[in-house]
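These are the residues of each chain, in order.
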Amino acid sequence: MKSLTEYLWFETRQRRELVRLTDTVASLVRKSGIQEGMVLVSAMHITAGVFVNDDEPGLHEDIWEWLQHLAPFGPDYRHHRTGEDNGDAHLKSMLVHHQVIIPVTAGKLDLGPWQQVFYAEFDGQRRKRVIVKVMGE
């Protein structure tokens, strides 16, 4: 079995931001040389997430509004008693999850017609990373 591990670093300009990773992940699959297997994409921070969905601006806004409704920025979360102000970011990360596994078939990401891979930052403006681990034959 072959494997490849790469770390992607981000420092978003905004506290809340989406970064499309599909092309980067696809290039790492090509670099790995595998034909059949899977790729794990995982945020290595507890205030960020990774998900697969459509790359459509209206949907992105719907996602942000949904997350804001479920975990609004600003309320007095118990976590804030530690001196932090990002309790909502921790909860948003749990809602979208921190990682995805994508199948690789015939040397390519095996995504549906509209599916794209995204890194979701909920407490940005500082350096964070994502691990991409490609495994297969």
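Parameters and conventions
- Residues numbered from 1 in each chain as written.
- Predicted model: local features only at pLDDT ≥ 70, side-chain atom pairs only at ≥ 80, totals over all residues.
- Heavy atoms only, no water.
- Pairing = 2+ DSSP bridges.
- Helix = DSSP H or I, 4+ residues; strand = E, 2+ residues; numbered from the N terminus.
- Axes fitted to C-alpha atoms, helices over the stretch in contact; angles between N-to-C directions.
- Parallel < 35°, antiparallel > 145°, perpendicular 65-115°, else oblique.
- Left-handed = near helix turned anticlockwise from the far one by under 90°.
- Contact = heavy atoms within 4.5 Å.
- Nonpolar A, V, L, I, M, F, W, Y, C, P; charged D, E, K, R; others polar.
- Buried < 20%, exposed > 50% of the residue type's maximum accessible area, 1.4 Å probe, protein only.

Strand order across the open sheet formed by three strands is β2-β7-β4, with antiparallel pairing between neighbours. Where the open sheet ends on each side, the last strands, each with one partner, are β2 (17-20) and β4 (48-54). Put simply, the sheet's adjacent strands are angled 30 degrees from each other on average, direction ignored.

Quick look at the packing of helix α2 (residues 57-70) against helix α3 (residues 87-96) now. Contact pair α2 / α3: the axes reach a minimum separation of 10 Å and the direction vectors enclose 120 degrees. When the interaxial angle is binned, α2 and α3 end up oblique. Between α2 and α3 the crossing geometry is right-handed. Only Lys 92, Leu 95 and Val 96 of α3 make contact with α2, whose side of the interface consists of Trp 66, Leu 67, Gln 68 and Leu 70. Residues belonging to the contact of α2 with α3 are distributed by class as follows: five nonpolar, one polar and one charged.

Another aspect to go through is the pairing of strand β5 (residues 99-105). Covered by surrounding structure in β5 are Val 100, Ile 102 and Val 104 only, the residues Gln 99, Ile 101, Pro 103 and Thr 105 on the alternate face being uncovered. As paired strands, β5 and strand β6 (residues 108-109) are joined by two bridges and run antiparallel to one another. Bridge assignment links Thr 105 to a residue of β6, and that residue is Lys 108. Two successive antiparallel strands, β5 and β6, enclose a turn made up of two residues, where Ala 106 displays a positive phi of approximately 55 degrees.

Function-wise, these values are silent; they only describe arrangement.
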